[in-house]
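Commentary on secondary and tertiary structure
These are the residues of each chain, in order.
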Amino acid sequence: MDKSFGSPRAASAAVLAGLLLAAPVSGQAPTPPASSSTPVRRVTLDEALQLAEGGSEQVAAAEAGVKRASGQVDLVRSGLYPQLNSAIGYQRTLQTQFDGIFDTDAAAAPCPGLTVNAGAPVDQRVAELERFLQCPPGNPFGGGGDTDLPFGQLNTWTASLQFAQRVYDGGTLRAQERQARAGRDAATLGVTTTRAQLDLDVATAFYDAALSDRLVTITEATLTQAGETLRQIELQFKVGQIAEFEVLRARVSRDNQRAAVIRSTIQRDLAYLRLRQLINVPADQPLELDANLTEPNGALAGRWTAALAEAEAGLKALDRTAVKQVEAGVQANEAAVAVTQAQFKPQVSLTSSFIAYAYDPLPAFKQRDWTVGAAVSLPLLDGGRRKANRAIAEATLEESRQQLQLVQELSDLDQRSAHAMWRAARAAWEASSGTVEEAQRAYQIADVRYREGLSTQLELNDARLALERAEASRAQAARDLQVTRSRLALLPDLPVGGGSVGGGGGATASAVASGAAQPTGAMTAAGGTTAAGAGTAGSGTQTGVRQ
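A short tour of the structure in this document, coming up. Small disclaimer: the values here were computed from a predicted structure and weren't measured. (Residues numbered from 1 in each chain as written. Predicted model: local features only at pLDDT ≥ 70, side-chain atom pairs only at ≥ 80, totals over all residues. Heavy atoms only, no water.)

Next up on the list: helix 10 (residues 435-451). Over its 17 residues, helix 10 runs 24 Å from end to end, which matches the ideal 24 Å to within 8%, given 1.5 Å per residue. If you check which residues of helix 10 are buried, you get Val436, Ala439, Tyr443, Ala446, Asp447 and Tyr450. The buried side chains of helix 10 occupy one side of the element, clustering within an arc of 100 degrees when seen end-on. Turned more than 90 degrees away from the buried face of helix 10, the exposed residues are Glu438 and Arg441. Phi turns positive, to about 75 degrees, at Gly453, one or two residues after helix 10. (Helix = DSSP H or I, 4+ residues; strand = E, 2+ residues; numbered from the N terminus. Expected span 1.5 Å × (residues − 1). Buried < 20%, exposed > 50% of the residue type's maximum accessible area, 1.4 Å probe, protein only. Arc of directions from axis to C-beta.)

Structure representation (structure tokens):
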């Protein structure tokens, strides 16, 4: 027999090659079509960041915190200025103890008033006094008319002005003002850290969605390869060249790959849903991402160009915004200690009160009271309250200083961790540069060997899965490199230890391989520490470490 014909399996493969090339491709899961009524929107990372910041609830809440802190500053400063209050009141007397106190049982004729004539004889003056004393009793508090006093008046109107000015308070208000200003500074820095964390979340979701797109493409291509292999084996089975067992094995492999396509498609939908939520676009808006996962060493967002170039140039000391927040908390606690110390000093204030009264028949406000005074106050015995407040404030201050030292150390660790993860991601990307080409070549060789009857279907399946893992690892490495570069660019304003690189709910390469295949190039969050502790005025700070 001529050796060119080989085995019967190889001879039939040559006959079936043309049929396989002309056969239609089936078994590939189609990409869900976009809604015909809604055009596809192409989004770059810069546009995604701009959309997210324009409608972020977190940023809006942080900005509201700045307004609240500014109001606290104005509230404290108001105590330094004179206080002037006014009031107008009306009182209707329904019943009084003075009703009928000077009434008599019988009606008496009006009695002339007392007339004193210094030139009259003594007997006439005595007679005038006796006559007046025999008159019916009247109001002993006034002679009627405009001289009536406010006892038992039916209607009473009052108009008052109250003035107060704090002269000396031992430095309480000035210390409270410093405390409020420190709180406002911390709130302002909080807006910066919130915006930076939002930008990192958007960048992570952006590249997670881009990765999920790539993984869907990889799984669909693998499904196509499995379908072609199945069709080849079915044709060989029909001509009696192979056993039914080979057909069943190929069909199971194809069906398993369909499940991988479904999983990767669902994860892609979830990744896009998360991205749409962050950038505030409708959930049904079709998106096309301008994300370069083939060359992830290029530019990211335009706003990060300078910061990223400086960060990738080398490790240098950073002025972290999160550290400034904790420093503002220390300043607020120092002012709180000053407030408690001022409680041991006297307080001096000036006061003035002006009140005008009016009665029936018309409110003329002819009666007035006007007083001016000064007061000096100093608690003598308070049961140890002031000492307790001072001890609490001093302990809080010491705690915040220790927390500042901790955050500074964690900031240095966080910076080094971010650079280490970036170098690891870059090394993983560079290491995967030739893996895909090698896996593709290995699959082509395995396919030819199988067609020629020199290998088994198991070898072909292994080569196909190795190609899938290599492509998934390559895409994952590109995603990790882009996210770590984004974190480097945002690191000065990020919370200490925040925004570590990992899957974070996005697509991972393990979702695309059938069975238990796991890409070796996936990055995980390692060494991430956190120190949340931006103190605000009048409140303690807090820190923690997340492993």
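Still more ground to cover, so stick around.
To continue, consider a nonpolar patch on the surface. A grouping of Leu84, Leu161, Phe163, Val167, Tyr168 and Leu350 is seen on the molecular surface, where their side chains present a nonpolar patch of about 550 Å² in accessible area. For the nonpolar patch, the element with the most residues is strand 3 (residues 155-168), which contributes 4 residues. Residue position: Val167 is located in strand 3. (Patch = residues over 30% accessible without salt bridge, like charges linked within 9 Å, V, L, I, M, F, W, Y side chains within 5 Å. Areas by Shrake-Rupley, 256 points an atom, 1.4 Å probe, with all protein chains shown as cover. Salt bridge = Lys/Arg side-chain N within 4 Å of Asp/Glu carboxyl O.)

The subject of this paragraph is the pairing of strand 5 (residues 347-359). Bridging between strand 3 and strand 5 involves 12 bridges; their strand directions are antiparallel. Directly across from Tyr168, in strand 5, lies its bridge partner Val348. Bridge count between strand 5 and strand 6 (residues 367-377): 11 bridges; the pairing is antiparallel. Each bridged residue has a counterpart across the sheet, and for Thr351 the counterpart in strand 6 is Gly373. (Pairing = 2+ DSSP bridges.)

This next bit is on the nonpolar core. Judged by nonpolar contacts, the single largest core of 43 residues is most densely connected at Leu45, Val202, Phe206, Leu275, Ile279, Leu289 and Trp304. Elements represented by at least two residues in this core include exactly helix 2 (45-54), helix 5 (172-238), helix 6 (244-279), strand 4 (287-289), helix 7 (305-313), helix 9 (385-431) and helix 11 (457-490). Top contributing element to this core by residue count: helix 5, with 10 residues. Beyond its immediate chain neighbours, meaning those up to four positions away, Phe206 contacts Val43, Thr44, Leu45, Ala48, Leu275, Leu289, Asp290 and Ala291. (Core = buried A, V, L, I, M, F, W, Y, C linked by side-chain atoms within 4.5 Å. Contact = heavy atoms within 4.5 Å.)

Attention now moves to the packing of aromatic side chains. As enumerated under the stated definition, the model contains 3 aromatic pairs in all. Each ring, one from Phe206 and one from Tyr207, has its centre 5.3 Å from the other, and the planes form 90 degrees; the classification is edge-to-face. Neither residue differs from the other here; Phe206 and Tyr207 are each classed as buried. Note on Phe354 and Trp370: the rings are 5.7 Å apart at their centroids and 85 degrees apart in plane angle, and the pair reads as edge-to-face. Of this pair, Phe354 sits in strand 5 while Trp370 is found in strand 6, placing the two residues 16 residues apart along the sequence. Trp370 sits in the exposed class, given a relative accessible area of 64%. A cation sits over an aromatic face here: Arg426 above Trp422, 4.4 Å from the ring centre. Between Arg474 and the ring centre of Trp429, over which it is positioned, the NZ or CZ distance is 3.4 Å. (Phe/Tyr/Trp six-rings, centres within 6.5 Å; stacked < 30°, edge-to-face > 60°. Lys NZ or Arg CZ within 6 Å of the ring centre and 35° of its normal.)

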